[in-house]
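Take a look at the letters that make up each chain.
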Amino acid sequence: MIMSRDENIVRNGNIKIGNLSFEDVMKFKYLGATVTNINDTREEIKHRINMGNVCYYSVEKLLSSSLLSKNLKVRIYETGILSVVLYGCETWTLTLREEHRLRVFENKVLRKIFGAKRDEVTGEWRKLHNTELHALYSSPDIIRNIKSRRLRWGRHVARMDESRNAYRVLVGRPEGKRPLGRPKRRWEDNIKMDLREVGYDDRDLINLAQDRDQWRAYVRAVMNLRVICAFLSVRFTFLECDISYHGEIDINGKIATCNKMNGTIRRTLKRKVRKETIMKFNKVIAMPTCLYGSETWTMTKRDISRLQATKMRFIRARAGYSLTDRKRNTDIRKDRNAENLIKKVEEYRSSWSQHVQRMNNDRIPEQIMEYKPKGRRS
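The rules we used
Residues numbered from 1 in each chain as written. Predicted model: local features only at pLDDT ≥ 70, side-chain atom pairs only at ≥ 80, totals over all residues. Heavy atoms only, no water. Phe/Tyr/Trp six-rings, centres within 6.5 Å; stacked < 30°, edge-to-face > 60°. Helix = DSSP H or I, 4+ residues; strand = E, 2+ residues; numbered from the N terminus. Buried < 20%, exposed > 50% of the residue type's maximum accessible area, 1.4 Å probe, protein only. Patch = residues over 30% accessible without salt bridge, like charges linked within 9 Å, V, L, I, M, F, W, Y side chains within 5 Å. Areas by Shrake-Rupley, 256 points an atom, 1.4 Å probe, with all protein chains shown as cover. Salt bridge = Lys/Arg side-chain N within 4 Å of Asp/Glu carboxyl O. Core = buried A, V, L, I, M, F, W, Y, C linked by side-chain atoms within 4.5 Å. Contact = heavy atoms within 4.5 Å. Disulfide = S-S within 2.5 Å. Expected span 1.5 Å × (residues − 1). Polar contact = N/O pair within 3.5 Å; in protein donor to acceptor, adjacent residues only side chain to side chain. Pairing = 2+ DSSP bridges. Lys, Arg positive; Asp, Glu negative; His and termini not counted. Charge placed at Lys NZ, Arg CZ, Asp CG, Glu CD. pLDDT = per-residue confidence, 0-100. Axes fitted to C-alpha atoms, helices over the stretch in contact; angles between N-to-C directions. Parallel < 35°, antiparallel > 145°, perpendicular 65-115°, else oblique. Left-handed = near helix turned anticlockwise from the far one by under 90°.

Per an unreviewed UniProt entry, the chain carries the name Endonuclease-reverse transcriptase and comes from Periplaneta americana.

Below is the structure:
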């Protein structure tokens, strides 16, 4: 197999090493895991979920039986189903889509274990909500398990001898230029994100891995930490804005809503009105919805990139361009006379900042702006 970013690379059919000839394949099984020629773990995760479904349906009657206790059913899930799904998860590179698919699978099994709940108001039986499921399931969820296992394997690789292939892959840097578009998320990026969740923001992972006690403390913290606000009661909606201890939640919801509205506009008005009219619908309906409440956002580079991608995805589709056309976003935006979304957010934020500064001292926004927390930074 030849690894390449390009899925359409021309292949000769065989790979010769000395006097030996090997068939050049797109994917193969190695130690029970699927390895692809583009180094993509999505197919392996999909296969693991399918294998977990096979195990789940084989014990479905046991999980719904009233003769077994809830604790025994949870043990059946963790030993017979979860272990099959998480085989080889130490090397997975997870995106939000894969995390969502894994959570959906786990919630399906947990709903079968804990059953339905009678509504106190209507008296009807209903499915348990996600927050209720994770209140009943005291163990760390499937994503916590993956992150803790990934960190354990990460320290093991970082402490390997420099001649080992796994260590060389970890510290190696590929040569050549990157292709167009956002770089794919790497396994090392997942490790850094996991450590950042528990307060470690240094980039030198090799030195950190030498301290076994400190690394184990981070692994335990990642295992026990639950930061997904959708599963906890620390998120609520106020004036149509999602409020939580993590400001990114509201940006995620706004982008998702904007994408849905853009999809509705495309499906409804395609080939019925001019492209200029479709762009006006996007400007008047979808973009104000996306930027509602943006005056209070604290954006990172990732948030800025996602907002720009949301806007440009719609404009590129209307202009008939794809990423392979090698047409820059700035040129397309200038041709279509489209406004810069980030500048719009900065204008809203500047206007709101001036408004808060003119408030009386007894107003809460003014007090929050002038407040200085006491104590040392974490």
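So, next bit.
The subject of this paragraph is the packing of aromatic side chains. Overall, the coordinates contain 2 aromatic pairs when judged by the stated rule. Judged by centre distance (6.3 Å) and plane angle (65°), the rings of Tyr-77 and Tyr-137 are edge-to-face. Here Tyr-77, found in helix α3 (residues 70-85), pairs with Tyr-137, found in the loop between α5 (130-136) and α6 (142-158); they are 60 residues apart in sequence, far enough to count as distant. In this structure, Tyr-77 and Tyr-137 share a single accessibility class: buried.

Together, Phe-28, Tyr-30, Leu-31 and Tyr-87 give the surface a local cluster of nonpolar side chains, amounting to about 450 Å² of exposed area. In this structure, Tyr-30 sits in strand β3 (residues 27-30).

Our focus in this paragraph is the nonpolar core. Membership of the largest hydrophobic core comes to 28 residues, with the highest contact counts inside it found for Ile-81, Leu-102 and Ile-146. Elements that contribute at least two residues to this core include exactly α1 (42-58), α3, α4 (96-114) and α6. With sequence-adjacent residues up to four places away left out, Ile-146 is seen in contact with Leu-86, Cys-89, Trp-92, Leu-94 and Leu-102. In terms of nonpolar packing, the next biggest core, distinct from the first, is built from 22 residues, Ile-251, Cys-258, Met-279 and Trp-297 among them.

All right, on to helix α8 (residues 187-197) then. Among all positions of α8, only Trp-187, Glu-188, Asn-190, Ile-191, Lys-192, Asp-194 and Leu-195 are buried. Immediately beyond the C-terminal end of α8, within one or two residues, lies Gly-199, with a positive phi of roughly 100°.

Right, let's get into the state of the cysteines. Under the definition given, this model contains 0 disulfides. You can see Cys-290 has no disulfide; the closest cysteine sulfur is in Cys-258, sitting 4.3 Å from it.

What follows concerns α6. The end-to-end C-alpha separation of α6 is 24 Å, in line with the 24 Å expected for 17 residues at 1.5 Å each. With respect to burial, α6 is a largely interior element, 13 of its 17 residues being buried. Among the residues of α6, the N-terminal cap falls to Asp-141, whose side-chain oxygen and the backbone nitrogen of Ile-143 are separated by 3.1 Å.

This part takes up the pairing of strand β4 (residues 33-36). Burial of β4 is one-sided: the residues Thr-34 and Thr-36 facing one way are buried, the residues Ala-33 and Val-35 facing the other way are not. Pairing of β3 with β4, which is carried by 4 bridges, proceeds in the antiparallel orientation. When the sheet's bridge partners are listed, Lys-27 is paired in β4 with Thr-36. Taking the residues that link successive antiparallel strands as the turn, the β3-β4 hairpin has 2 residues, and the phi of Leu-31 there is positive, at about 55°.

The next subject is the pattern of salt bridges. If charged atoms from side chains of opposite charge come close, those side chains can pair. For the structure on display, the rule yields 5 salt bridges. Across the pair Glu-60 and Lys-112 runs a salt bridge whose closest N-O atoms are separated by 3.4 Å. With Glu-60 in helix α2 (residues 60-63) and Lys-112 in helix α4, this pair connects stretches of sequence that are 52 residues apart. Using a relative accessible area of 25% as the deciding quantity, one classes Glu-60 as partly exposed. Between Glu-99 and Arg-103 there is a salt bridge whose closest N-O contact spans 3.8 Å. Placement of both Glu-99 and Arg-103 in helix α4 is noted, with a separation of 4 residues, approximately one turn of the helix.

The next subject is a positive patch on the surface. Where like charges cluster on the molecular surface, the positive patch consists of Arg-159, Arg-212, Arg-216 and Arg-220. Take Arg-216: it is sitting in helix α10 (residues 212-224). Residue Arg-216 is classed as partly exposed on the basis of its relative accessible area of 45%.

This part is about the confidence of the model for the chain. For the chain, the mean per-residue pLDDT works out to 78, and 85% of the residues sit at or above 70. For the chain, per-element mean pLDDT is lowest for strand β7 (residues 236-238), which scores 61, and highest for α4, which scores 91. Low confidence marks residues 227-234, where pLDDT is under 50. Its contacts with residues over four positions away, or in another chain, come to 22 contacts.

Before going further, it helps to examine the packing of α6 against α8. Between α6 and α8, whose axes approach to 10 Å, the crossing angle comes to 110°. Considering their axes alone, α6 and α8 lie roughly perpendicular with respect to each other. In this structure, α6 crosses over α8, and the sense of that crossing is left-handed. On the side of α6, the interface is formed by Arg-144, Lys-147, Arg-150, Leu-151, Trp-153 and Gly-154, while α8 contributes Trp-187, Asn-190, Ile-191, Asp-194, Leu-195 and Glu-197.

In this section: the environment of Glu-188. Counting through the fold element by element, Glu-188 comes out in helix α8. The buried category is assigned to Glu-188, whose relative accessible area is 13%. Sequence-wise, Glu-188 and Thr-93 are 95 residues apart; in three dimensions their C-alpha atoms are separated by 8.5 Å. Excluding residues within four positions of it along the chain, Glu-188 makes contact with Leu-170, Arg-173 and Leu-205.

What follows is about the packing of α3 against α4. Running from N to C, α3 and α4 cross one another at 155°; their axes reach a closest spacing of 10 Å. In this view, α3 runs roughly antiparallel relative to α4, as classed from their interaxial angle. Between α3 and α4 lies a crossing of right-handed hand. Between α3 and α4, the contacting residues are Lys-70, Lys-73, Val-74, Tyr-77, Ile-81 and Val-85 on the first element and Leu-102, Phe-105, Glu-106, Val-109, Leu-110, Ile-113 and Phe-114 on the second.

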